[in-house]
Amino acid sequence: MCEIDIEARRARDLERWHRRVAERRAQGLCLKCGKRPPAPHRSQCEVCTAKRRPADLERYHRRTAERTAQGLCPKCGKRPPEPGRSQCEPCAEKDRAAGRARDARLRAAGIPRRDPEHARAYERERSRREVEQRRVAGLCLRCGQAPAVEGLTQCEPCNDKRRAGEQARYAKATAEGKLYGGRPVETRRRIGRERSRKRDEARRAAGLCTACGKQPPTDGASTCEPCREARRTADRAQYAFRRAAGLCGSCGGPTTVVSQIV
């Protein structure tokens with residue numbers, strides 16, 4: 001086949017392809033198969049897109065890796081990226097302009113920029129991957145910059161920020177008269193009881209006083225002698241205070257006068 005025939009066939013095929021694409025677009029059909037309507041904001045249906053997606057992703061990742069290894073912008077492959085960025089300035093400006101135009105079109109049509117459910121699911125999965133990567137690397141799960149403190153999941157600066165925030169929030173809620181700093185009361189009480197139970201079991205297993213956890217308990221008791229004496233002193237002081245106030249020494253409630261039967 002001569003060169004003229006090849007060029008003529010190529011021009012004929014290209015003209016036929018453009019005509020077919022125009023007909024399918026006018027009919028609101030997928031430009032690839034012409035059988036189903038295209039997916040929202042796309043030119044092909046979801047079936048054709050799913051068939052093409054694996055090959056496109058593989059080609060995209062291979063090309064990006066090659067350009068990055070050469071120190072070039074992964075999008076155009078012509079210029080080195082800007083310092084601290086992954087793209088060169090012209091490509092970054094094109095992305096920003098395209099994003100602004102897309103947002104303006106969606107805003108004019110009353111369409112949300114992203115599907116809320118899809119966005120939340122994506123962010124949860126992205127956060128999970130990020131946390132797992134930081135955990136494997138031994139980094140702070142919050143900032144990902146500094147190593148985590150031994151036995152904790154965050155670095156010391158992030159721990160200080162978290163403590164300061166929690167203390168401020170707790171103080172504000174306490175000033176408003178809320179129990180446990182505004183946290184769910186039943187939940188905090190349940191957590192406290194469970195924590196106390198585990199602590200007591202651990203101290204008993206170690207043969208230590210369940211109150212202080214420092215000294216062995218007195219024979220036949222669960223607490224050591226200093227803790228028992230401190231408890232007795234506190235009980236006696238409480239009893240004396242209640243009796244002086246005319247209250248029941250056991251529960252602190254009002255006393256009842258029992259008349260004597262003669």
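Just so we're clear, the structure is a prediction, and the values are computed from it rather than from any experiment. Numbers given to residues run from 1 along each chain, matching the order in which its sequence is written. Reporting of local features is limited, given that this is a predicted model, to residues whose pLDDT is at least 70; pairs of side-chain atoms are given and counted only at 80 or more, and all residues count toward the totals for whole chains, interfaces and linings. Think of the side-chain values as coming from all heavy atoms in the structure, minus any hydrogens and water.

A.B. asks: I'd love a proper account of the environment of Lys 32, names of residues and values included.
C.D. replies: Here Lys 32 is to be found in the loop between α1 (3–27) and α2 (46–69). The sequence separation of Lys 32 and Arg 163 amounts to 131 residues, and the corresponding C-alpha distance is 57 Å. Contacts between residues were defined by any pair of non-hydrogen atoms, one from each residue, lying within 4.5 Å. The contact partners of Lys 32, leaving out residues within four places of it in the chain, are Arg 24, Gln 44 and Cys 48. Secondary structure elements are taken from DSSP: a helix is a run of H or I of four residues or more, a strand is a run of E of two residues or more, and numbering for both begins at the N terminus.

A.B. asks: How would you summarise the environment of Cys 76 if you had to cite specific residues and measurements?
C.D. replies: Counting through the fold element by element, Cys 76 comes out in the loop between α2 and α3 (89–109). Residue classification places Cys 76 among the buried residues on the basis of a relative accessible area of 18%. For the pair Cys 76 and Gln 87, spaced 11 residues apart in sequence, the C-alpha to C-alpha distance is 8.5 Å. The residues contacting Cys 76, other than those within four sequence positions of it, are Arg 67, Cys 88 and Cys 91. Whether a residue is buried, partly exposed or exposed follows from its accessible area with a 1.4 Å probe, protein chains only, as a fraction of its type maximum: under 20%, in between, or over 50%, in that order.

A.B. asks: Describe in detail the pattern of salt bridges, supporting the description with residues and values.
C.D. replies: Any carboxyl oxygen of Asp or Glu that lies within 4 Å of a side-chain nitrogen of Lys or Arg is treated as forming a salt bridge with it. As enumerated under the stated definition, the model contains 30 salt bridges in all. Among the ionic pairs, Lys 75 bridges to Asp 95, the shortest N-O distance being 2.2 Å. In this pair, Lys 75 is assigned in the loop between α2 and α3 and Asp 95 in helix α3, connecting sequence segments 20 residues apart. Using a relative accessible area of 39% as the deciding quantity, one classes Lys 75 as partly exposed. Judged by relative accessible area, which is 34%, Asp 95 ranks as partly exposed.

A.B. asks: Before we move on, could you go through helix α4 (residues 116–137) and cite the residues and values that matter?
C.D. replies: Counting along an α-helix, one turn takes 3.6 residues, and residues three or four places apart therefore face a common direction. How far a helix is expected to stretch is found by multiplying one less than its residue total by 1.5 Å. Over its 22 residues, α4 extends 31 Å from the first C-alpha to the last, a length consistent with the 32 Å expected when each residue adds 1.5 Å. One or two steps after α4, the chain reaches Gly 138, where phi turns positive at roughly 75°.

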